[in-house]
Amino acid sequence: MNNNAARPLRIALTKGRLEKDTVALLERLGYDCGAVHEKGRKLILPVGDSIEVVLAKAADVITYVENGVCDLGVVGKDTIIEMGGKFFELSDLGFGKCRFALAGKKGESFYDGTHVRTIATKYPNVARSFFEKKNMDVDIVKIEGSVELAPLLGLSHAIVDIVETGTTLKENGLEVYEYICPISARLIANMVSLKLRKEEIEELISQIENTLKSKVE
Amino acid sequence: MKRYDLITPEGTRDLLFEECAAVRAVETRLQGIFKAKGYSEVITPGLEFYDVFNMKSRYFPQETMYKLVDGKGRLMVVRPDSTMPIARMTATRLREQTMPIRLCYSQSVYRSRPGMRGRSDEIRQTGIELIGSASRRAELEVLGNALEVLSSFNTDGFRLELGHIGYFKAMVNHLDCSADDVENIRGLIEVKNYPALNDLLDSLGDSDVSRALRRLPRLFGGAEVFEEAAALYSDNDADAALDELKGLYESVSALGYKDCVTIDLGLVNRMDYYTGTVIKGYIEGCGDAVLSGGRYDRLLSEFGCDAPATGFAVNVDSVARTEMKKVNFKPAAPDVIVFGTDGYETEAIVHGRRLISEGITAETAVFDTIDEVRKYAALKGIGRIDIVSDRITSENL
């Protein structure tokens, strides 16, 4: 069975910074990403002859890969932990690094007292499983925009959010109470694509891993 | 008050016309394959007691089952799987039967899953169970059936993948860590999460086993996998598992499905349930496995009947959806519409029956005038009108 000719390998990229970093990585591997740089409003773009890039929001990258309409995806570990799903997580791309953290107003001791805490977050599943491991009942409030506002306005005792440098927290008088886990960009694959297009995908992964290794050295 | 009487629950849907025809076509084809080989069809209840699905080797996470309470306050579930009810049934009602027992089924299973992800909660499955034989011949029969099933689908290509849980079990038996760690390792191998698997194994210290486990998710492909696996890790149990799998691989490859059979030693799903070979089937154009099964020799003994068993289930919905992209399942309009003029309504029915007995499809018109019948036939694409009065006249459209 030869399906290589069927269609190019389709990779869903998380729009924004991960997209730029992934494109830079593909260019280091020698792929022509001209179409991505001059994309205009197009969302499906050819990269060389063998790859097609699809630009999507983080959570949609997972949905497209899970359902097999994209073979591969580049998405942050934050979205993977929050959404879960059925796919293979093949490699840590090393960029898009940051951490999940529990943060709140500077100087307050979060764990003192017996009251039930309210946590504001864009990542309710991450927050829930973090406190489940601590056997703590918490109220979780889902916030879409700047989560830092919630403790400042008195809506929540703390937030669970992504922290990169901590500057936003500092400027708003907040601090990290506890780091939850590190985050970085991951290469994910549809479970059937990996099997049916093994050679192509493994070739790409080994190219990526060699490049990442040589970069570290 | 918000009413929900005009929509179907999330994760379920109505199947109309060609969708329905596609599902039935796949089911009928599979049933044909199985029944020709001596499999007898069974139907198990849609509702089962919760306990049927709540044991070590037949564990379903409780949040994935639809539950209800019966009149006596007992917890019940809407069947999330067919193999366990069939095991229950075999262990109780068929235990005195001559083994092996070959059973097949076509019924829906229900699983509560996170919504809006493009997945269904109601899944139509057709499958087989071969109960009462642990022999290599039984294994081969089931694998051969799986290949025949996959090759019967109208798709661009298919793949049958074989694994063996024994190889993984042999490794983790020699790993010095807790049962929780083993479960975590298994989960990470199942989803081929290389980065997290490496981190976890790093924390457990270096050993031959941990080095081998790191490679396990990558041990998939063709016959070359066996050599690599044998070089990677060897003890009596692991060697036995590899030998068994290799023999089966060679035998099924000889059935004439070259390049359609592959190996994945990282198939480690449901470790407490499967006891030997594990299989998955994939087709082009479908993002999830459409066939899944393996050997489960301990399940029946949990119901008090010590019998080995093996089998697989096919996700009929996925196959039907994929086939619909290539095959036209649209039901054809009847060949003839029969219109009985006033006073000849009964004769029209008799005439319709006569046509049908001749192999012609015929519907009877329920309109009062021939003009309405003509208009309706044109809209429906029916090619002929038979008008029944004291004689029968045909109009071709």
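Quick caveat, the model's predicted, so the values are computed rather than measured.

Asker: Quick one: what's the story with the overall build of chain B, residue by residue and with numbers?
Answerer: Each helix and strand in chain B was counted, giving 13 helices and 16 strands. Expressed along its principal axes, the backbone C-alpha trace of chain B runs to roughly 90 × 55 × 45 Å. Buried residues in chain B amount to 49% of all 397 residues. When contacts within chain B are restricted to residue pairs at least 6 apart in sequence, those whose partners lie at least 24 apart make up 68%. Averaging the coordinates of the 49 positive side-chain charges in chain B and doing the same for the 61 negative ones gives two points 2 Å apart.

Asker: Got a sec to walk through the nonpolar core? Specific residues and values, please.
Answerer: Core analysis: the biggest nonpolar cluster contains 97 residues, and Phe153, Leu162, Tyr167, Leu213, Leu265, Leu291 and Phe312 of chain B have the highest contact counts within it. For leucine 265 of chain B, the residues in contact, after removing those within four places along its chain, are His164, Tyr167, Leu216, Leu219, Val225, Ala229, Leu242 and Leu245 of chain B. Core analysis: the second largest hydrophobic core is formed by 34 residues, Val53, Phe88, Ala189 and Ile201 of chain A among them.

Asker: Mind laying out the side chain of threonine 262 of chain B, listing which residues take part and the relevant values?
Answerer: By secondary structure assignment, the location of threonine 262 of chain B is in strand 9 (residues 261-264). Excluding anything up to four places from it in sequence, threonine 262 of chain B contacts Arg159, Leu160, Glu161, Leu162 and Gly221 of chain B.

Asker: With reference to specific residues and values, describe the sheet that holds strand 1 (residues 40-41) of chain B.
Answerer: All names here are of chain B. With mixed pairing, the nine strands of this open sheet are ordered in space as 1-5-6-12-11-10-7-9-8. The open sheet has two free edges, formed respectively by strand 1 and strand 8 (220-221), since each of these has just one partner strand. Sheet topology note: the strand 6 (residues 122-131)/strand 12 (residues 309-315) ladder contains seven bridges and is antiparallel. Bridge assignment links glycine 127 to a residue of strand 12, and that residue is alanine 313. Against the sheet, helix 2 (residues 83-93) contacts strand 5 (101-110) and strand 6, and its axis sits at roughly 135 degrees relative to strand 5.

Asker: A description of the pairing of strand 12 of chain B should follow, citing residues and the corresponding values.
Answerer: In terms of burial, strand 12 of chain B is a largely internal element, seven of the seven residues being buried. Covered by surrounding structure in strand 12 of chain B are Ala309, Gly311, Ala313 and Asn315 of chain B together with Thr310, Phe312 and Val314 of chain B, the residues of both alternating faces.

Asker: Provide a residue-level description of the interface of chain A and chain B, including the pertinent values.
Answerer: Counting from both sides, the interface comprises 27 residues of chain A and, opposite them, 27 residues of chain B. Between chain A and chain B, a total of about 2200 Å² is buried, with carbon and sulfur atoms accounting for 50% of that surface. Seen at the junction of chain A and chain B, the total is four salt bridges. Linking lysine 195 of chain A and glutamate 161 of chain B is a salt bridge whose minimum nitrogen-to-oxygen distance equals 2.9 Å. Those elements giving two or more residues to the side of chain A that touches chain B turn out to be helix 3 (58-66), helix 4 (77-83), strand 5 (88-92), helix 8 (191-196) and helix 9 (198-216) of chain A. Among the residues making up the side of chain A that touches chain B, the classes are represented as 10 nonpolar, seven polar and 10 charged.

Asker: I'd like a description of the packing of aromatic side chains, backed by residues and values.
Answerer: All names here are of chain A. As enumerated under the stated definition, the model contains 13 aromatic pairs over all chains in all. Judged by centre distance (4.9 Å) and plane angle (80 degrees), the ring pair of phenylalanine 110 and tyrosine 111 falls under edge-to-face. On the accessibility criterion, phenylalanine 110 (8% relative accessible area) is buried. When its relative accessible area of 36% is taken as the criterion, tyrosine 111 is described as partly exposed.

Asker: Account for the domain arrangement of chain B, with residues named and values stated.
Answerer: As assigned here, chain B comprises domain 1 (17-324) and domain 2 (336-396). A straight line from the C-alpha centre of domain 1 of chain B to that of domain 2 of chain B covers 52 Å.

Asker: An account of the environment of alanine 138 of chain B is requested, with residue identities and associated values reported.
Answerer: Residues and elements named next belong to chain B. With respect to the secondary-structure elements, alanine 138 resides in helix 3 (residues 136-152). Note on alanine 138: relative accessible area 5%, which makes it buried. A C-alpha to C-alpha distance of 59 Å links alanine 138 and valine 388, two positions 250 residues apart in sequence. Apart from the residues within four sequence positions on either side, alanine 138 is in contact with Leu130, Ser133 and Arg295.

Asker: Go over the pattern of salt bridges with me, naming the residues and quoting the values.
Answerer: Scanning all chains against the criterion turns up 41 salt bridges over all chains. Here aspartate 264 of chain B ties to lysine 195 of chain A by a salt bridge, and the two come within 2.8 Å at their closest N and O atoms. Highlighted residues: aspartate 264 of chain B in strand 9 and lysine 195 of chain A in helix 8, drawn from two different chains. Across the pair arginine 384 of chain B and aspartate 386 of chain B runs a salt bridge, and its minimum N-O distance is 2.9 Å. Using a relative accessible area of 1% as the deciding quantity, one classes aspartate 386 of chain B as buried. Look at the salt bridges and you will find they share partners, linking Arg7, Asp71, Arg197 and Glu200 of chain A into a network.

Asker: Describe helix 8 (residues 224-232) of chain B, and please don't skip the residues or the numbers.
Answerer: All names here are of chain B. Restricting attention to buried positions, one finds in helix 8 the residues Val225, Phe226 and Ala229. The buried residues of helix 8 occupy one face: seen down the axis, they fall within an arc of 100 degrees. The exposed residues of helix 8 that point more than 90 degrees off its buried face are Glu227 and Ala231. Next to the buried residues of helix 8 lie helix 4 (165-173), strand 8, helix 9 (236-253) and strand 9.

Asker: Kindly report on the confidence of the model for chain B, identifying the contributing residues and their values.
Answerer: One rule of thumb: low pLDDT means the predicted coordinates there are not for detailed reading. Averaged over every residue, the pLDDT of chain B is 92; the share at 70 or more is 99%. Across the interfaces of the predicted complex, the ipTM metric reaches 0.73, alongside a pTM of 0.86.

Rules behind the numbers
- Residues numbered from 1 in each chain as written.
- Chains lettered and ligands numbered in written order.
- Predicted model: local features only at pLDDT ≥ 70, side-chain atom pairs only at ≥ 80, totals over all residues.
- Heavy atoms only, no water.
- Helix = DSSP H or I, 4+ residues; strand = E, 2+ residues; numbered from the N terminus.
- Buried < 20%, exposed > 50% of the residue type's maximum accessible area, 1.4 Å probe, protein only.
- Contact = heavy atoms within 4.5 Å.
- Lys, Arg positive; Asp, Glu negative; His and termini not counted.
- Charge placed at Lys NZ, Arg CZ, Asp CG, Glu CD.
- Core = buried A, V, L, I, M, F, W, Y, C linked by side-chain atoms within 4.5 Å.
- Pairing = 2+ DSSP bridges.
- Axes fitted to C-alpha atoms, helices over the stretch in contact; angles between N-to-C directions.
- Buried area = accessible area lost by both parts, 1.4 Å probe.
- Salt bridge = Lys/Arg side-chain N within 4 Å of Asp/Glu carboxyl O.
- Nonpolar A, V, L, I, M, F, W, Y, C, P; charged D, E, K, R; others polar.
- Phe/Tyr/Trp six-rings, centres within 6.5 Å; stacked < 30°, edge-to-face > 60°.
- Domains from an automatic or database assignment.
- Arc of directions from axis to C-beta.
- pLDDT = per-residue confidence, 0-100.

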